[in-house]
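# Tertiary structure, described
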Amino acid sequence: MSSSEAIARLQAIMAAARANAAATANVSSSSSSNDNKAAQVTRPTVIAEDAVQDGGNAIDTFSSYVPTALPHCVVKALFDANQHLDKKSTQQPVDVDKKSTQQQPNNDVIDLLDSSDDECEQNVAKQEASSSSSMSTSDYSSKLFTKNLIQSHTSPACESALLSSVSARNFSSDGSDGALPDESASTILPLVVEGKLSPLQAEGVALATTRFNRVFTSDPSESVLTPGLVQRAGFFLGDGAGIGKGRQIAATIRDAFCRNHGRGRQLWISTSRELIEDAKRDLKDVGCHVDIHDGVDLLGKSGASGKGLGVGGSLGKGVLFITYALLVSGKRLDEILNWLAGGKNDSKRQGEQSYDGMIVFDEAHKAKNLEADTRTAKLVVALQERLPNARVLYCSATGVSEIAHMAYAVRLGLWGSANPLYPTFDSFKEALTRRGVGAMEMLALEMKRKGLFLARTLSWEGADFHTVKVRLGQKQVASYDGAVKWWFRVKDEIESALQMLNMPAKTMIWRLFFAAQQRFFKEMCISAKVEEVCTEAKKFLEDDHCIVIGLQSTGEAGMDVTLNELAESLVENGSARKDQKGKVDLESVDLPNLLSTCGSIMSNFLRSHFPIAPPPQEAPKIPPIPPNGFASDFERLEHARLTDLADRIKRMPPPEPVRELVRRREDLLNAVKDLDLPPNPLDDIINRFGVENVAEMTGRSGRILRNSKNTFRYTKRFGGSQTSYGLSAPVNRDDESDCLNVKERKLFMDGKKCVAIISDAASTGVSLHSDRRYKSSHKRRVHFTIELPWAADKAIQQLGRSHRSGQVTAPIYKMVVSDLGGERRFASAVSKRMAQLGALTKGDRRAATGTDLSEFDVDSIFGRRALTKFYTALSVTPYSSPSRNSNSILDEFISHPQQPGDEARMDVLTTAADALNDVGLGGEPNVKKFLNRIAGLEVMRQRLVFSLFMSTLDDVITDAKATGEFEGSVEDIKATSIELKSEQVIATDSSCGAKTELTRLIIDRGVSFNFIVETIAADAKLKCGGEVTSEKDADVTEAKESLRKRAKSGLYISRRKIAGRRLVMFAQQKVSNEGSDSNIDDDPRGLMVITRPNTGKNPCEMTSKDLHYKYDPLVSSEDIVQHLRSVNNAESDADNEEKKSDNDEHNSHHAIGVVREKWKKVAGLWDEAYDKSNFKNHNDGLAPRISEIGLITGAVLHILPALEKAVQIMSSAQRSLRVMRVETNLGRRIVGIRFPVTHDAIERLMVNMSGVSNARQSLQSSFVDEPFSPISDKAMNWATTERKTMKSFFGAAASKPSCSTAPSKEKRRNQESTKSQTKKAKTSNISAFFVKKNNY
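Residues numbered from 1 in each chain as written. Predicted model: local features only at pLDDT ≥ 70, side-chain atom pairs only at ≥ 80, totals over all residues. Heavy atoms only, no water.

## Here we look at the pairing of strand S32 (residues 1186-1194)
Going by this rule: For each residue, the accessible area found with a 1.4 Å probe, counting protein chains only, is set against the maximum for its type, and the residue is called buried under 20%, exposed over 50%, and partly exposed in between. Helix and strand definitions follow DSSP, with helices as H or I runs of at least four residues and strands as E runs of at least two, each counted in order from the N terminus. Two strands pair if DSSP finds at least two bridges between them.
Of all the 9 residues making up S32, 7 are buried; the element is thus mostly covered by neighbouring parts of the structure. The pairing of strand S26 (residues 995-1004) with S32 spans 9 bridges and is antiparallel. For Asp1004, the partnering residue across the bridge sits in S32 and is Ile1186. Sheet analysis places S32 next to strand S34 (residues 1229-1235), joined by 3 bridges and oriented antiparallel. Looking at S34, one finds that Ile1192 is bridged to Ile1233.

Okay, here's the thing in structure tokens:
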């Protein structure tokens, strides 16, 4: 394709894209309004991350993604096509009715670049005048367009503001500016032109292929790299769900085929065998028509036949697709290597050393547990070691979660021979672990800056997030409390049985007891939500929506014993018969009702682990026979005696059960039947909607369904020809399940089934969004998450199934939570966090953009510290309050209000202490153990214990913030004014050529009185069209009684003098009084955000109680607003109203003047503090407004040891080396490590850096950048030419439709003229068909 044809093609695609985007926007807006009306929901406002923490504005946490690392030829092609399209549109007459539509901004496209029109024209002129097609600087792609709108992706994408502050570069040893060469886009440019790759995806492919040219070697001076002494660099693609990682993988593999890397053999490893269909689709979409071999079939056949792998035929080339499960089975690694590299013995080793094809680790986080010595992780590393020259691509949205989980990514060049500063992974991990939570953010910045990492995610604009609160009814509470009593009874019976049998209190039996109890109450909690979920879902179905219900587990594991017991009972009653194999076919037996997973858990535990007989005598340990024989006759005889004793013990019959204990066990089993337990939630949901309407995508093999007789039968999901109890898995159960899930997904996407249920085990890679390619695309998805684990990120990760690229409408998310054990509060916090950020979290701790959820991570160092404090307070009588807010919590649980306060509170604390003792808690601060075991408490005691713990955790985090210890994530430097003072290059990273700079900033934190007035007036405008609800008008009901204790927003002054003066400040409610009762529940302490005239907004909130105790009110915000309103009403007339509406600035100045005139003293106090603090040092009892800070920006890892040594003798706050980000007055974003800018600190840094530099003088650049391999025409034709098959060959003629029964004369002539030619060429054509398949 010529350049002119490419541009023409691209123009047509972009024109169609714009028209489609405009149409989609119109349709989405109308459908969205209808959806919102039907669902009675509103879209959340996207707020900055830090605004949630301290109630104020901050740097945006997420920003629209802009591809800044595209090769120049791609940017130039996009620009040229856009310019021609704009010229063409300006020449055409504009319809008057369409003007308003064309002038509206299109939210589906973003500004790719940010220069002015004049600069664009100048750059274009320079480029056209230049004879070279390459761009002059790497900044060309960031300054080319401003007002030319170009889609970066098929759906709006975003990136964390942290990562967006740096650009992915390609620093090379020759000192180039880091721009990607045009050669990196030589195979993908046609795909971009044809619309098969978005610019965002093209950037990922270009960075990966460029990175693969880097080779780490011990001797870079050699002109020819010696095989065995090199290791090729890898690339990490950390894009979130829906961005199109599969498409980028396919384009990268296509590039490898076109350049004849790997001799036409590439490897793709993923998590599920069903994903091979997605791989085939992605490869076909990018025009790569190679054979994709299923590893189960290929390796199995080759192994069975005994023939070597990869020896000619259609099996000799293409993509080998395997799963991690297949990789760890048997000796598959050798078979895989044999197919990739081929050969035997020496030639095989040489082949492995020289193999330069692709290895794709899709969902690479499966190999994260290398430290735990898992087989998967070890074989992933072994595969990379055996093929050192392979091009390795890691793909996972959750792969870089913790530093310890990165050990498998050996090709990133962060440690080992590629980076001599960290010779081993342990040294690398230790260096970054000392930096705390912010280390991952620092590492992500460094990785992106070096061009080895990208992490983009879909924008969640348009998605709605809601928390569905399920309050347990009286019947459900009674059922739950009855089950709690049963478990306590079992615990007592086990203790009694152990004493009766003279058995020690074994740790194992209690571990099994609490594990079963945990599973039971988790299932109870899920079952309690089913009715509410189905009720809401049916309303959405009536409005023509599709429902997605997400679970973590199916509850199948505990049903096998129950089914066996049921089968035996049916045989005894004569309702069923056993077959020749002694099994009962339950698929032919009617069941009275659905089975309860909760009941099966109880029964299974009793039958398997309740002690009814003394333990059998333990056989002695027999020592192994020495390799050189026994040293003496005594050793030989002793060995024979022990062997004989062990044999006799093994032949002894088991001890007889104690009848009394057997009776007790039967009593407990009968008690299970008396409990009102809910059915299996998955079966219950299917029963409520009907199996014909539900697409189940889980890993279970069977289920219970209602039949035409209105009874129930067990039905296998697959393998129905095998008569069993339904849970004995066939050999290829996983494969059958995968195939069935694919069929179920197709039924759902085609609109034949309107409800989809997915489990954690089967949801990887499944796309359930409103894909415009399917018939159900017009139906908006409503995604219910009814099983929320304490690891919130795991539940959030599942939400990506219904939100992906190419969707017509964004989904509605419903996080369903009960009020048990604090689940409602925890999930509500996570849900609000998602709504405010508008994106998923990254990694095992964050979603694809680096969002931090550490404040809601109860299982953290602060959670363990809070639990220790909680246990200590309730361990010794008299008990003490574990937190500062304990009294308000205890008051809620006092059963007799007339009882004296202290005495009543002590009784409640005693109840909490007894509850901990009843479930065996205390001592070691294990948060997971605590959360699991409190589920075994009655509903009321469970709420009490969890509320006290969370209150203690709030105190711990607040104290950690005050001391600077809490590092939730990257911190923002927020101030009224931030000016860039200087930038100084202090080092260069020899491993990549990136520079390290010391950036100095001047910070002014002061807040003027005028700004406070404007803030109050602006807040009043946003509330109900300017109406402010007075507390006097609020209904004084029991639900809002806490409002009396909440402080009002306004200006306050300290009661006592501090440093010789009374301090003035502005306090604003973090959670407004106006709103639902849930707002009050989420902020029971009435937190206030504090702003001072000299130090600005305080990151630590103050409770209403502390505010009333320490400060006196000067004037409330409500009084200021009411006064402004009264003044405006007095002055208003028609002319004044029109004038004021035309001049907002006049209104602002008028309001400030009115407030200053009314409250002169208050304004004077604020102005005095503001003016007298305008210094860099303390003055007149005031902390300074002005300060100077330093940030170490750029490459940091290579000077990290020097930084650590430079701050060793400093204070703990300065030693923390926190990662911080800042936005200057001019809008420039800077991210770096905060470093003191004192003369002594900088001098120590330079000395230590000099020492590090001297130590590394002998270590030269440890990499070589190879040139791009030329494109092989033969290989490219083979890879991009669509294969002929029998079906396509013969089906093409058969599928041609005929317009009439009798052909026309012209047709008959053509048929007759070609008939003889066809007959002659028939043999050669068929021959050519088979020969062609064996060519390259």
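We are not done yet, so read on.
## Structural notes on the environment of Ala397
As for its placement among the helices and strands, Ala397 is situated in the loop between strand S12 (391-395) and helix H16 (425-433). Linking Ala397 and Asp362, residues 35 residues apart in sequence, is a C-alpha distance of 9.9 Å.

## Describing the sheet that holds strand S10 (residues 318-323)
Operational definition: Note on contacts: a residue pair is in contact if any heavy atoms of the two residues lie within 4.5 Å. Fitting a line to C-alpha atoms yields each axis, with helices limited to the stretch in contact; the angle taken between N-to-C directions then spans 0 to 180 degrees.
With parallel pairing, the 7 strands of this open sheet are ordered in space as S9-S10-S8-S11-S12-S7-S13. Edge positions in the sheet fall to strand S9 (292-294) and strand S13 (453-454), since each has one partner strand and no second. Pairing analysis gives 3 bridges linking S9 to S10, with the strands arranged parallel. Paired with Ile292 across the bridge in S10 is Val319. Sheet strands in contact with helix H8 (residues 199-211) are strand S7 (235-237), S12 and S13, and its direction is about 160° off that of S7.

## With respect to the packing of aromatic side chains
This is how the line gets drawn: Note on aromatic pairs: the rings of Phe, Tyr and Trp (six-membered ring only in Trp) are paired at centre separations within 6.5 Å, and the planes decide the class, stacked below 30 degrees, edge-to-face beyond 60, tilted for the rest.
Enumeration over the complete set of coordinates arrives at 25 aromatic pairs. When the ring of Phe361 is compared with that of Tyr394, the centres are 6.0 Å apart and the planes differ by 15°; the resulting orientation is stacked. You can see Phe361 sitting in strand S11 (residues 358-362) and its partner Tyr394 sitting in strand S12, a full 33 residues away along the chain. Take Phe361 and Tyr394: they sit in the same class, and that class is buried. Consider the rings of Trp486 and Trp487, whose centres lie 5.0 Å apart with planes at 85°: the pair is edge-to-face. Residue classification places Trp486 among the buried positions, given a relative accessible area of 4%.

## Topic: the side chain of Ser270
Considering the arrangement of structural elements, one finds Ser270 in strand S8 (residues 265-270). A relative accessible area of 0% places Ser270 in the buried class. Leave out the neighbours within four places in its chain, and Ser270 touches Leu275, Phe321, Ile322, Thr323, Tyr324 and Asp362.

## Let's talk about the environment of Gly351
As for its placement among the helices and strands, Gly351 is situated in helix H14 (residues 345-354). Its relative accessible area of 9% is what places Gly351 among the buried residues. Linking Gly351 and Gly262, residues 89 residues apart in sequence, is a C-alpha distance of 9.9 Å.

## A short note on the nonpolar core
For clarity, the cut-off: Definition used in this section: a nonpolar core is a set of buried Ala, Val, Leu, Ile, Met, Phe, Trp, Tyr and Cys residues joined via side-chain atoms within 4.5 Å.
In this structure, Phe361, Tyr394, Phe428, Ile1192 and Leu1203 are the most contacted members of the largest nonpolar core, which totals 78 residues. Among residues more than four places away in sequence, those in contact with Phe428 are Ile403, Leu414, Trp415, Tyr422, Leu443 and Leu1197. One finds Val919, Leu948, Leu953 and Val956 within the second-largest nonpolar core, a separate group that totals 74 residues.

## Notes on the packing of helix H20 (residues 530-542) against helix H25 (residues 681-689)
Note the cut-off: Two helices cross in a left-handed way if the nearer one is turned anticlockwise from the farther one by less than a right angle. They cross in a right-handed way if the turn is clockwise. Charged means Asp, Glu, Lys or Arg here, nonpolar means Ala, Val, Leu, Ile, Met, Phe, Trp, Tyr, Cys or Pro, and polar covers whatever is left, Gly included.
Between H20 and H25, the least distance of the axes is 11 Å, while the angle of their chain directions is 35°. Of the two possible hands of crossing, H20 and H25 adopt the one that is right-handed. The segment H20 lies against H25, with Val530, Glu531, Cys534, Ala537, Lys538 and Leu541 engaging Pro681, Asp684, Ile685, Arg688 and Phe689. Taken together, the residues that form the contact of H20 with H25 break down as 7 nonpolar, no polar and 4 charged.

## Points about helix H44 (residues 1273-1280)
Put simply, the rule reads: The directions considered for the arc run from the helix axis to the C-beta atoms.
Three or more residues of H44 are buried, namely Ala1275, Trp1278 and Ala1279. Buried residues along H44 cover an arc of 95° about the axis, so they all sit on one side.

## Some words on the pattern of salt bridges
To keep it simple, the criterion reads: When a carboxyl oxygen of Asp or Glu is within 4 Å of a side-chain nitrogen of Lys or Arg, the pair counts as a salt bridge.
Across all of its chains, the model carries 55 salt bridges by this definition. Between Glu638 and Arg641 there is a salt bridge, with the nearest N and O atoms lying 2.7 Å from each other. Taken together, the residues span about one helical turn, with Glu638 and Arg641 both in helix H23 (residues 633-651) at a distance of 3 residues. Assessed through its relative accessible area of 27%, Glu638 is described here as partly exposed. The partly exposed category is assigned to Arg641, whose relative accessible area is 44%. Each of Glu493, Glu660, Arg663, Arg664 and Asp667 takes part in one network of salt bridges that share partners.

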